[in-house]
Amino acid sequence: MPETSEHSAAAGHRFDTVLIANRGEIAVRIQRACRELGLKTVAICSEADREAPYGSTADSFLCIGPSSAAKSYLNQDAILLATRLAGAGAIHPGYGFLSENAAFADAVEKAGLTFIGPTASSIAIMGDKISAKRAMMAAGVPCVPGPDTALPDDPATIEHIALEIGYPVIIKAAGGGGGRGMRVVPSANSLHEAIALTREEARKAFGSPSLYMEKFLEHPRHIEIQVICDDHGNVVWLGHRDCSMQRRHQKVVEEAPAAGIAPDIIQPVGLACVQACLQIGYRGVGTFEFLYEDGAFYFIEMNTRLQVEHPVTELTSGLDIVQAQIRVAQGHVLDLTQGDVTCEGHSFECRINAEDSDSFLPSAGVVTHLALPAGPGIRVDTHIHAGYKVSPYYDSLIAKLIVHAPTRAEAMTRMREALAGTEIEGISTNIPFLRALFEDGAFARGETDIHYLEQWLKLRRAA
Ligand code: MV4
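Cut-offs used in this document
- Residues numbered from 1 in each chain as written.
- Predicted model: local features only at pLDDT ≥ 70, side-chain atom pairs only at ≥ 80, totals over all residues.
- Heavy atoms only, no water.
- Near = heavy atom within 4 Å.
- Polar contact = N/O pair within 3.5 Å; in protein donor to acceptor, adjacent residues only side chain to side chain.
- Areas by Shrake-Rupley, 256 points an atom, 1.4 Å probe, with all protein chains shown as cover.
- Helix = DSSP H or I, 4+ residues; strand = E, 2+ residues; numbered from the N terminus.
- Nonpolar A, V, L, I, M, F, W, Y, C, P; charged D, E, K, R; others polar.
- Axes fitted to C-alpha atoms, helices over the stretch in contact; angles between N-to-C directions.
- Parallel < 35°, antiparallel > 145°, perpendicular 65-115°, else oblique.
- Contact = heavy atoms within 4.5 Å.
- Domains from an automatic or database assignment.
- Expected span 1.5 Å × (residues − 1).
- Buried < 20%, exposed > 50% of the residue type's maximum accessible area, 1.4 Å probe, protein only.
- Arc of directions from axis to C-beta.
- Core = buried A, V, L, I, M, F, W, Y, C linked by side-chain atoms within 4.5 Å.
- 1 Å grid on protein atoms, 1.4 Å probe; cavity = no way out; pocket = protein on both sides within 12 Å on 5 of 7 lines; lining within 4 Å.
- Points joined across faces, edges and corners; volume = space filled by probe spheres on them.
- Phe/Tyr/Trp six-rings, centres within 6.5 Å; stacked < 30°, edge-to-face > 60°.
- Lys NZ or Arg CZ within 6 Å of the ring centre and 35° of its normal.

### What about the site of the ligand?
Part 1: Contacts to the ligand come from 18 residues, most closely from Lys 172, Glu 214, Lys 215, Leu 217 and Glu 301.
Part 2: Note that a nitrogen atom of the ligand is positioned 2.9 Å from one of the side-chain N or O atoms of Lys 172.
Part 3: The separation between a nitrogen atom of the ligand and a polar side-chain atom of Glu 214 is 3.0 Å.
Part 4: Starting from 510 Å² of accessible surface for the ligand in isolation, the protein chains cover 92%.
Part 5: Among the elements of the structure, β6 (169–177), β8 (211–215), β12 (284–293) and β13 (296–303) are those that each provide at least two residues to the shell around the ligand.
Part 6: When its residues are assigned to classes, the shell around the ligand shows 8 nonpolar, 5 polar and 5 charged.

Shown next as structure tokens:
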């Protein structure tokens, strides 16, 4: 497609100031990317975050509401008003909050602003897990066995679908995702009851009773593929990550690349993701989530946002994903092709949470002492400092420790070193738990799946 001024800088694409509709470490991370691109930044906060340093490093800083997220970081009207008041031309939603809200993306664009993310329509397609699956199957992305349509009401037809898939099956809500609204069905005995229960939960939680059925995979790994797309038909995939180390659907440790996945086995999956992006006209950064079991990949969901764990891909690919995300939102042509993408070495990320190391209950309070690790191959993404007050209102993530080294074993050693050099006092953190995990033999050998961490915790508690 020829580059015309219209293509490179359409009305909604022209901006020199970005409002960052988020808080915490990601607000800091996005500000850094904006400054490096020569863009001015607007920070917003709730009353609880008035003293946060990310406010004073931004070009302007507006308090938009009370501490409760519903009245501040989720308040669409307040954010749009702040954007207009501050004269910003674009909104970066970060992750969480409004990042995957199609109505918000639509409202931003309708206000003549740029939403730094995919189109509202892409967000809506991926938000409905059935339409996401249909789009993926149509594009040739391997999916978990099961129909890409909603379950009908007729009991006999439902039984037939389950038999065709083969037990155990899993019932999932179309409006769910991230582990919400799903139920495993071991055998025909409990099929109808499970559907009735999940349907009611879905109606209440997501406002839609729509369900679908899949084969239940019993011991998969969670592997995801990062993509970035511009508005001109260019798409690249940036390798893969393993995010199997999770507890109650909260990721704890992520790594890139996923251990023990041969290039020739992941290559066709990456190409299928690229194909899918082209087919749906995707723009921005995105993540394809797969379950990986017995050598095969099965698509489950697509995330249409910048993810918490993007740094492990930044360190292996050498790319600044946040800068690239902003540049494609400006309408720029992606300045790299697939041939330019080379993933080197191995990276781990540990999520440091303000929580009790044993009970995992959130721990609010003042950080009285802080020492952060440094050195070759060590990166810390955080918004906290000594004297910082961790508020009870938001997610407990207070820092991300990210390391990079030539091999997985060296990266593990480097993470042990980084964890040893991290001192946070005044509040409880999960650091003791992370230190113990990086001493675990099975983890070191890469012998883990999505259930490993919870089993490991159970054994550790029993001991
Ligand atoms: C599954 C599955 C097994 N089989 N689907 C949980 C979160 C949501 N993204 C999908 N999830 C799962 N879907 C089939 N067909 C197991 C899970 C699952 C899981 C997936 C990824 C990471 C952690 C998980 C923990 C429990 C269950």
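### Notes on the packing of helix α6 (residues 120–127) against helix α7 (residues 129–138)
Part 1: Relative orientation of the contacting elements α6 and α7 amounts to 100°, with a least axis distance of 5 Å. By the angle class used here, α6 and α7 are roughly perpendicular. On α7, the residues that touch Ala 124, Ile 125, Met 126 and Gly 127 of α6 are Lys 129, Ser 131, Ala 132, Ala 135 and Met 136.
Part 2: Its residues assigned to classes, the contact of α6 with α7 comprises 6 nonpolar, 2 polar and 1 charged.

### Points about the domain arrangement of the chain
Part 1: Here the chain is described as being made up of domain 1 (11–117), domain 2 (145–215) and domain 3 (221–462).
Part 2: A separation of 30 Å is found between the C-alpha centroids of domain 2 and domain 3.
Part 3: Each partner contributes to the interface: domain 2 provides 7 residues, whereas domain 3 provides 4 residues.
Part 4: Applying the counting rule to domain 2 against domain 3 returns 1 residue pair in polar contact (both at pLDDT 80 or more).
Part 5: Tallied by class, residues from the side of domain 2 that touches domain 3 come to 2 nonpolar, 3 polar and 2 charged.

### Examining helix α9 (residues 191–206)
Residues lying three or four places apart along an α-helix face the same way, a consequence of the helix completing one turn every 3.6 residues.
Part 1: Here α9 spans 21 Å end to end across 16 residues, near enough to the 22 Å set by a 1.5 Å rise per residue.
Part 2: Regarding α9, the residues found buried are Leu 191, Ala 194, Ile 195, Thr 198, Arg 199 and Ala 202. Burial along α9 is one-sided: seen end-on, the buried residues are contained in an arc of 130°. Within α9, the exposed residues directed more than 90 degrees away from the buried face are Glu 193 and Lys 204.
Part 3: The secondary structure elements touched by the buried residues of α9 are α8 (155–165), β6, β7 (180–185) and β8.
Part 4: A positive phi of about 70° marks Gly 207, the residue just after α9.

### Things to note about the nonpolar core
Part 1: Counting 55 residues, the largest nonpolar core has Leu 19, Ile 79 and Ile 91 as the members making the most contacts within it.
Part 2: Residue contributions to this core peak at 6 residues, all from helix α2 (residues 24–36).
Part 3: Formed jointly, this core draws a minimum of three residues from each of two domains, domain 1 (11–117) and domain 3 (221–462).
Part 4: Non-local contacts of Leu 19, meaning those with residues more than four positions away in its chain, are made with Val 42, Ile 44, Ile 79, Ala 82, Thr 83, Ala 88, Ala 90, Ile 91 and His 92.
Part 5: Ranked by size, the runner-up nonpolar core spans 37 residues in total, among them Phe 348, Ile 352, Leu 401 and Phe 433.

### Things to note about empty space enclosed by the protein
Part 1: As enumerated under the stated definition, the model contains 3 cavities of 30 Å³ or more in all.
Part 2: There is about 90 Å³ of room inside the largest cavity.
Part 3: Counting residues per element, the lining of the largest cavity draws most heavily on strand β10 (residues 235–247), which supplies 4 residues.
Part 4: Considering the residues around the second largest cavity, the lining is formed by Arg 23, His 383, Tyr 388, Val 390, Ser 391, Tyr 394, Asp 395, Leu 397 and Ile 398.
Part 5: Partitioning the lining of the second largest cavity into residue classes produces 5 nonpolar, 2 polar and 2 charged.

### Notes on the packing of aromatic side chains
Aromatic ring pairs: the centre-centre distance and the angle between the two ring planes describe each pair.
Part 1: For the structure on display, the rule yields 14 aromatic pairs.
Part 2: Ring geometry for Phe 104 against Phe 115: centres 6.1 Å apart, planes inclined by 85°, an arrangement best described as edge-to-face. With a gap of 11 residues between them, Phe 104 in helix α5 (residues 102–110) and Phe 115 in strand β5 (residues 114–115) connect regions that are remote in the sequence. Here Phe 104 and Phe 115 have matching classes, each one buried.
Part 3: Put simply, the rings of Phe 288, Phe 290, Tyr 292, Phe 297 and Phe 299 pair up and form one aromatic cluster.
Part 4: The ring of Phe 360 carries the charged tip of Arg 247 above its face, separated from the ring centre by 3.9 Å.

### Side note on helix α4 (residues 76–86)
Part 1: All of the buried residues in α4 are Ala 78, Ile 79, Leu 80, Ala 82 and Thr 83.
Part 2: Buried-residue contacts for α4 involve β1 (17–20), β2 (40–46), β3 (60–65), β4 (90–92) and α5.
Part 3: For α4, the side-chain oxygen to backbone nitrogen distance between the N-cap and Asp 77 is 3.3 Å, and the N-cap itself is Asn 75.
Part 4: Remark: Gly 87 follows α4 within two positions and exhibits a positive phi of approximately 75°.

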